[in-house]
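# Structural features, examined
Each chain, written out:
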Amino acid sequence: MKSNNLRATYQILNTVVPYILLWFLAVKAASISLWLLPPILVLMVLFLLRCFSLMHDCGHYALFSSRQVNRLMGFMLGVINAIPQYAWSRDHAYHHKTNGNWELYRGVATFLSTEEFAQLNDFDQKLYGILRQPIMTLPGGFFYLTIQPRLVLLLGSYDFMMHVFTCLRQNPGMGFAAIISSHKSKHWPTAGEFWDVLLNNICVVGGWIVMSNLIGAGLFFSIYSIVLTFAGAIFISVFFVQHNFEGSYAHKTQGWDYLKGAIEGSSYLDLPAILRWFTADISYHSIHHLSERIPNYNLEACHYRNIHLLSQVKTIRISDMLHCSRFILWDADSNSLASIPEQRFANSSIR
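Now for a quick tour of the structure.

Okay, the overall build of the chain next. When helices and strands are counted, the chain shows 16 helices and five strands. Over its C-alpha atoms the chain spans a radius of gyration of 22 Å, differing by no more than 12% from the 20 Å that the globule rule assigns to 351 residues. If one aligns the C-alpha atoms of the chain with their principal axes, the spans along those axes are about 60 × 60 × 45 Å. Of all 351 residues assigned to the chain, the portion counted as buried reaches 46%. Counting only contacts in the chain whose residues sit at least 6 apart along the sequence, the fraction spanning at least 24 positions is 71%. Of the roughly 17900 Å² of accessible surface on the chain, 65% is carried by carbon and sulfur atoms.

Set out below in structure tokens:
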């Protein structure tokens, strides 16, 4: 669990600097021929993916030894990824506390139980299945990184303004401090998260404006949208298969076990070395769930040092990822994940 500030600094530099340089290279290549862009865009996606992985480490206060430096670096990486890091990490911490407890946490796409799914009409069942197909990670990745953080700020601001009007209508003499303290936002539970969302949006949108003026809005948003879409889609897919797979630990609250959630509810994603580097070894996911304060640069060694304790960990390969995409329902009776065809077969058997 011991952080190494020198190694963490080197990771920040070998990730952020190449990503910035690739932007310069992409702009130069586009001025020559658009056909030069695809390999550059692939590299940009991979480096942005690594930026997100390092941001994730900062959220666990694991990358650097200093809490304040983790917050600062996490915020910077959040701006690069267009997502408020502090708010994201608070939500992610809830996932860690409840992993494998499917009554409390329903995964990356708020999955339904088989009972809830059975109560849907045919159209809604088909729509549920379509929206959770692997191809939907592309618009999902774009929405997750680009649109949702801006939407959260807009909806939260509107909600606060309505609260102000309501308070002043009911009590015209109410002070602004009292109005603020009485407001409980469903979009940011703490003041710290509000400021993180606000400052992230100011920096991100400000960056959009600056870059649009420097290289042209069309070129900037074309590159930016492609990179964020694919990076977001890959990260969603990686997160999904690390928890949604055949035989994954998916328990009710009663009898739920934290250690089983970490070991049997998290997979080991067997990736080539180059992809492990770009994902900052998040593929060693069970050991990460057993101790979230282990920095990414210690995960591999920790995994193999404790391999004798991880015999129940599921190994997932890239070729298995499509198969994992089937498990989008939770069967509370059997404490397991199920696919839609399995659920329909079970229903027909009951009839």
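Another point: the layout of surface pockets. Estimated volume of the largest pocket: approximately 1500 Å³. If you trace the largest pocket, you find 46 residues lining it, with G107, V108, A109, Y144 and Q148 closest to the centre. Elements that contribute at least two residues to the lining of the largest pocket include exactly α4 (85–98), α7 (137–170), α9 (191–215), α10 (217–241) and α15 (321–324). Examining the composition of the lining of the largest pocket, we find that eight residues originate from one element, α7, more than from any other. Looking at side-chain class alone, the lining of the largest pocket contains 27 nonpolar, 13 polar and six charged residues. A volume near 470 Å³ is recorded for the second largest pocket. Those elements giving two or more residues to the lining of the second largest pocket turn out to be α1 (5–32), α3 (67–81), α9 and α10. A per-element tally of the lining of the second largest pocket places α9 first, with seven residues.

As a further point, take the nonpolar core. Grouped together as the largest cluster of nonpolar side chains are 44 residues, with contacts concentrated most on M44 and L77. For this core, the elements supplying multiple residues, two or more each, are α1, α2 (37–59), α3, α9 and α10. A per-element tally of this core places α2 first, with 14 residues. With sequence-adjacent residues up to four places away left out, L77 is seen in contact with I12, V16, C51, L54, M55 and C58. Counting residues in each nonpolar core, the second largest holds 20 residues, with F111, V241, L271 and I328 among its members.

With that settled, consider empty space enclosed by the protein. Applying the stated criterion to the full structure yields three cavities of 30 Å³ or more. Roughly 70 Å³ of volume is contained in the largest cavity. Forming the walls of the largest cavity are H95, T98, N99, G100, N101, W102, Y105, G107, H243, S248, Y249 and G265. Partitioning the lining of the largest cavity into residue classes produces three nonpolar, nine polar and no charged. By volume, the second largest cavity is sized at about 40 Å³. As for the second largest cavity, its lining consists of H56, H92, F235, F239, Q242, I282 and H285. Its residues placed into classes, the lining of the second largest cavity shows three nonpolar, four polar and no charged.

On to the side chain of R106. Structurally, the position occupied by R106 is in the loop between α4 and β1 (112–113). Only 2.4 Å separates the side chain of R106 from the backbone oxygen of W102, close enough to count as a polar contact. Of the polar contacts made by the side chain of R106, one reaches the side chain of E116; its length is 3.1 Å. Here R106 is in contact with F111, L112, S113, E116 and W330, once residues within four sequence places are set aside.

As a further point, take a nonpolar patch on the surface. Together, L13, V17, I20, L21 and F24 make up an exposed nonpolar region whose accessible area comes to about 490 Å². Along the chain, L21 falls in helix α1.

The three strands lie next to each other as β1-β4-β5, forming an open sheet whose pairing is mixed. On the outer flanks of this sheet lie β1 and β5 (336–338), each paired with one strand and no other. Alignment of strand β4 (residues 329–331) against β5, held across three bridges, turns out to be antiparallel. For L329, the partnering residue across the bridge sits in β5 and is A338.

Scoring rules and cut-offs
- Residues numbered from 1 in each chain as written.
- Predicted model: local features only at pLDDT ≥ 70, side-chain atom pairs only at ≥ 80, totals over all residues.
- Heavy atoms only, no water.
- Helix = DSSP H or I, 4+ residues; strand = E, 2+ residues; numbered from the N terminus.
- Rg over C-alpha atoms; globule rule 2.2 N^0.38 Å.
- Buried < 20%, exposed > 50% of the residue type's maximum accessible area, 1.4 Å probe, protein only.
- Contact = heavy atoms within 4.5 Å.
- Areas by Shrake-Rupley, 256 points an atom, 1.4 Å probe, with all protein chains shown as cover.
- 1 Å grid on protein atoms, 1.4 Å probe; cavity = no way out; pocket = protein on both sides within 12 Å on 5 of 7 lines; lining within 4 Å.
- Points joined across faces, edges and corners; volume = space filled by probe spheres on them.
- Nonpolar A, V, L, I, M, F, W, Y, C, P; charged D, E, K, R; others polar.
- Core = buried A, V, L, I, M, F, W, Y, C linked by side-chain atoms within 4.5 Å.
- Polar contact = N/O pair within 3.5 Å; in protein donor to acceptor, adjacent residues only side chain to side chain.
- Patch = residues over 30% accessible without salt bridge, like charges linked within 9 Å, V, L, I, M, F, W, Y side chains within 5 Å.
- Salt bridge = Lys/Arg side-chain N within 4 Å of Asp/Glu carboxyl O.
- Pairing = 2+ DSSP bridges.

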